Each structure stands twice: as structure tokens, then as C-alpha cells.
Amino acid sequence: MLANDHLDLDLNRLLDALLAEQRIAPEAALAALERAKAHPGEHPLELIAAIGHPLGLDALCRWLADRVGQPFLAIDPLQVDLVRVAGLMSAAFAQRHGILAVAVDEHSVTVASAQPYQREWEADLSRSLGKAVRRVLASPRQLRQLRPTFLGLAHSVRGAGLGQLPRLGELEQLLELGARQTQASADDAHIVHIVDWMLQYAIEQRASDIHLEPRREQGHLRLRIDGLLHAVYAFPASVTLAMVSRLKHLGRMNVAEKRRPQDGRLKTRLPSGAEVELRLSTLPTPFGEKLVLRLSDPQQLHDSLETLGLEGALLEQWLALLQQRQGILLVTGPTGSGKTSTLYASLRHLASPQVNLCSIEDPIERLEPMINQLQVQPSLELDFASGARALLRQDPDIIMIGEIRDRETAQVAVQAALTGHLVLSTLHTQDACGAITRLLELGVADYLIRATLLGVMAQRLVRTLCRACLELRPQDRQACRQCRGTGFHGRTGLFELLQVSTALRERITHASDLAALRQQAKVDGLRDLRRHGGERVAQGRTCTEEVLRVCG
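The structure reproduced in this document is the subject of the present report. For clarity, every value in this text was computed on a predicted model and none was experimentally measured.

**Examining the packing of aromatic side chains**
Here comes step 1: Counting across every chain of the model gives three aromatic pairs.
Here comes step 2: Look at W197 and Y201: their rings are 5.2 Å apart centre to centre, the planes differ by 15°, and that puts the pair in the stacked class. Taken as a pair, W197 and Y201 lie in helix 10 (residues 189-204) at a separation of four residues, close to a single helical turn.
Here comes step 3: Taking relative accessible area as the criterion, W197 reaches 10% and is therefore assigned buried.
Here comes step 4: Its relative accessible area of 7% is what places Y201 among the buried residues.
Here comes step 5: For the pair Y233 and F235, a centre-to-centre distance of 4.6 Å together with 35° between the ring planes defines the contact as tilted.
Here comes step 6: Following the ring pairs from residue to residue traces out a cluster consisting of W197, Y201, Y233 and F235.

This is the structure:
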């Protein structure tokens, strides 16, 4: 028994047990007792962890869970069905007993607590819910941090004062009812709180994108983390529409316009003072506007090429190409492969007071003070081609064209390169050699490609192995808080750099064969994406399955 007469965990008894098992030194036990005098309300396990106990708080919680015969749970908010558990108990009840509901099914409710011997609340909760109570032990720090989030969000959703939308029949009925549907004002305090929670939570979870998706009965919130989408919450349909309105207002978009896609921007400041830029995009659907927010991680705003994954000889070769003052450099890959990050990092490397950097983007992903940025605006007949022509009249040294999508843009890029400019741009191709055939398909003459193309970088992003998992026992890795038990934390790049050699230039004709181009590139020393992925696996940074997932 590690509790006192009031069934609270007792610091002295915990220390005695740890000393008996030689898990703590006597001087550390004395330090914990001294700390308790200055922090009388602190949980005993936090007191022990605070003195520098080598196991750390989570490991101490696992040790305690084993001693008391309760499962330990490292709570992952993304794995908790907040919609189902948030209303199971009042905030006052949860706060008073230091508990939190984390799961519920037909027969039982799972409740997390950091006080395993306290049981006076179990009977009341079981009777009110008509379900058995299943207990798990969780970190007191995590419970303290998550309780306001879980319960406060539920309170705001209920307090929004919005009932479910009427059941929608055919699309025509939806359009007729649209103007009469009761919706919350974007200034409603509860909606403001929900939106603020969503943005802060997404940033804390390292999300790159937020998806807010309206449906017939309810809207869904999903976050993209390390390239994969995770379901987070399901809001009432009317609350979802009010959230979209709030975000459109913040992004300076036309709140009244719901029939056309719109783009906007938003900047938010973290408690640490770091600023995060968000790019907003709406899409009309039968049940309301779908909204996607892309977050620019403040930690990545000043990423160098090295931190993106370019290293060694590959980095030296790319930097050498960037030193050229005339020609075209292309970065290729599918959507979400990190092409824009590579372009921005390259431009930051080139930026200096002596150089005029200009870009035409759709939309501007990140605001860079050293770059003169222009955004595509179709409503003003400003596309990539016309924008690039306008930039050529601005005395540029280096031009970045966000994407070469059509023949006209490709021709402008080639002309800019021929007239003494370094042009950086992107293409959607499977590999580096595919960029050559893609330019030919767009109608660029083979002799112009031979005259202007300097190099092509193909890339993908792979998830990196979680370093925190390596410090845990295999049976504990599913509970790793850093990676949520996925085994991956963060991403790095795989790269394939094609330098256009003399021999390869001779093979670029109007009838170029892609297989022949690839063969020549290999002769010239090209390391393809899979080979680079194999090197990442050998370095212990990712796994074979992840390389095959992104490279095919």
C-alpha cells in the first residue's frame, strides 16, 4: 500500500518502495522530501521526477502502474473520441477528483487518474452512466494539461447554442434553405474559443495541414501530421459552418461568398512569441464550404538545405548549380514532397543585398523579406506566364516561378534563362529525367532545353524513425508520446539530382526516349531516389517500408 489514510499517494511510502528496489539513491530521496516542503500541492511522482530522477515522470508512472495493477496510459489526444467522452462527466466532477474519461463503449467507460487508490467517485460515475468503470493510470502532468482542453472544448461546442441543421434532402433543397439556416455569428465567444483551440492544438501536434470538412450530420476535423491524416473531432454541422465563417473572416476572405473557391492568409502568434503563417483555401460542397489551412512551421521558416536532408556530395553539387548565373534549375515531385521548401531554402542561400530575387507564386506560401514576391491572380488575368514577363522588367538576377504548368509559362522560363537569368521552378514528374520529357510535351523545342537546362532535383519526403522510441523497451513503444506509437517523428528528404552532362544533352531530341535518358543519367553517376532511400535506411533514419511507400 503506497497511499496514506486519505488514500492519496504518500511520498514517504513511494520513496521507501523505490529505495527498496534500488531505483533511487538515498540523497535523491532526501531531495524529494525537501522539495515537498516548498511545493506542498505537487503530485508525489512529479516531486520525484523534478529532482532529476533518471527514469523520468512517464517511467515512474509505469512503475507505479505495475505496482498497483492498473494499466498505464500515455494519453494521445488524437486517439481519444472527444465527441463521445467529453460529455460523460461535468468539468467540476472531473476537476474535483482529478480524473478524465478517455474512452467509452457499450458496456464500460475508461477513466484515467493519477491517484490509483482513490475510489469514492467510481460508484457515482458508474451509476450515472449505467456502465462499468475501467481504470487506467496516467501522468498527473498530462491529466492537468489535457483536462481543460477536453472539457473546455466540449463546453464551447455545447455553449455555441447551435442545434443540428435540418436534414437535407436534394441539393436544390439545400440551396433554398441556405439563407434561412440558423448559423452562429463569427464573433460568438464559443466559436472564437473553438477556433483558437483548433489552431493551437494543430501547431502543438506538428500538423502541416488542417482539414475542416462539412458533412450532412456533422463536420469533421482532421490534421495531417508527418504526411498522414488523423481524425481529431466531429463537430455539429452548424458549428462547423460557423468555424469556417470565423476563419474566412480572419483570413480576409469574402464571408458572404460561398459558391466559389477562395484563398486567404492568416498569421497567429504562439505563446513563445513565434509566428505561424497559415494559408487558407475553401471549396464549396453540397453541405457547406470545406476549408483547408496549411501551416508554415516557424521552425522551418529558416530551414537550410542541410536541415531539409541535402548532405555531402549531393549538397555540394546542388550548391554548385546554384552558383550559375544563367539557366534553368527544376525541382520535381508530387504534391507535398517538399519542393517549395527546397526552392525557398535555395533562394535564402542565394539572397544578398547585391542580388535581386523575384518570384511569381500561386499562392505565396511563405513571406520572405529578401524576395520580391508576386502572387498569381486569375481574376486580374495575372498568371504565371504574364507574371514572369512582368518580373523580367524588374531587372531581376534570379527568378523563381512557382510551377511550370503550361506551354506559355515554359516558354517564358526558357526565354528568361536565355537572356541571362537564373530561373528556378517546379514540375510534377515522377523522377528527374521525366522533367525533360515533360518540357518536350509542353512544346519546348529540344534545342532550347539543351541550351538552358542545368539540372533537375527530384525529391520525396519520408518519415524518420522516432528517437525517443529507441530509449524505451519494445513493449513500451506503443505508448511513446513523441510519435503516438507510430514509430515515426518528423520527415526528411530523399533526393535525386540530375546534372545535365554533355552526353545527356546530346540525347535530348524531339523524340527522346525516357528509358534512354535514364540509362545515360546512371552512366553519368545519377543516384536515384531508392538508392538515396537505402542510404537513409542504412543510417538508421528511416525504414525500408517507408522508402517503398513514397518511392513506389
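The discussion continues.
**As for the packing of helix 22 (residues 529-538) against helix 23 (residues 544-551)**
Here comes step 1: For the pair helix 22 and helix 23, interaxial distance at closest approach is 9 Å and the crossing angle is 160°. With respect to helix 23, the element helix 22 is oriented roughly antiparallel. Judged by the twist between their axes, the crossing of helix 22 over helix 23 is right-handed. Between helix 22 and helix 23, the residues in contact are L529, R530, G533 and V537 and T544, V547 and C551, respectively.
Here comes step 2: When grouped by side-chain class, the residues that make up the contact of helix 22 with helix 23 number four nonpolar, two polar and one charged.

**Some points on the pattern of salt bridges**
Here comes step 1: Under the defined criterion, the tally for this structure stands at 29 salt bridges.
Here comes step 2: For R348, the salt bridge identified is with E368, shortest N-O distance 2.6 Å. Taken as a pair, R348 in helix 14 (residues 339-350) and E368 in the loop between strand 11 (357-361) and strand 12 (372-375) lie far apart in primary sequence, 20 residues in all.
Here comes step 3: For E368, a relative accessible area of 9% gives the class buried.
Here comes step 4: A single salt-bridge network, built from bridges that share partners, covers E21, R23 and R67.

Definitions and limits used
Residues numbered from 1 in each chain as written. Predicted model: local features only at pLDDT ≥ 70, side-chain atom pairs only at ≥ 80, totals over all residues. Heavy atoms only, no water. Phe/Tyr/Trp six-rings, centres within 6.5 Å; stacked < 30°, edge-to-face > 60°. Helix = DSSP H or I, 4+ residues; strand = E, 2+ residues; numbered from the N terminus. Buried < 20%, exposed > 50% of the residue type's maximum accessible area, 1.4 Å probe, protein only. Axes fitted to C-alpha atoms, helices over the stretch in contact; angles between N-to-C directions. Parallel < 35°, antiparallel > 145°, perpendicular 65-115°, else oblique. Left-handed = near helix turned anticlockwise from the far one by under 90°. Contact = heavy atoms within 4.5 Å. Nonpolar A, V, L, I, M, F, W, Y, C, P; charged D, E, K, R; others polar. Salt bridge = Lys/Arg side-chain N within 4 Å of Asp/Glu carboxyl O.

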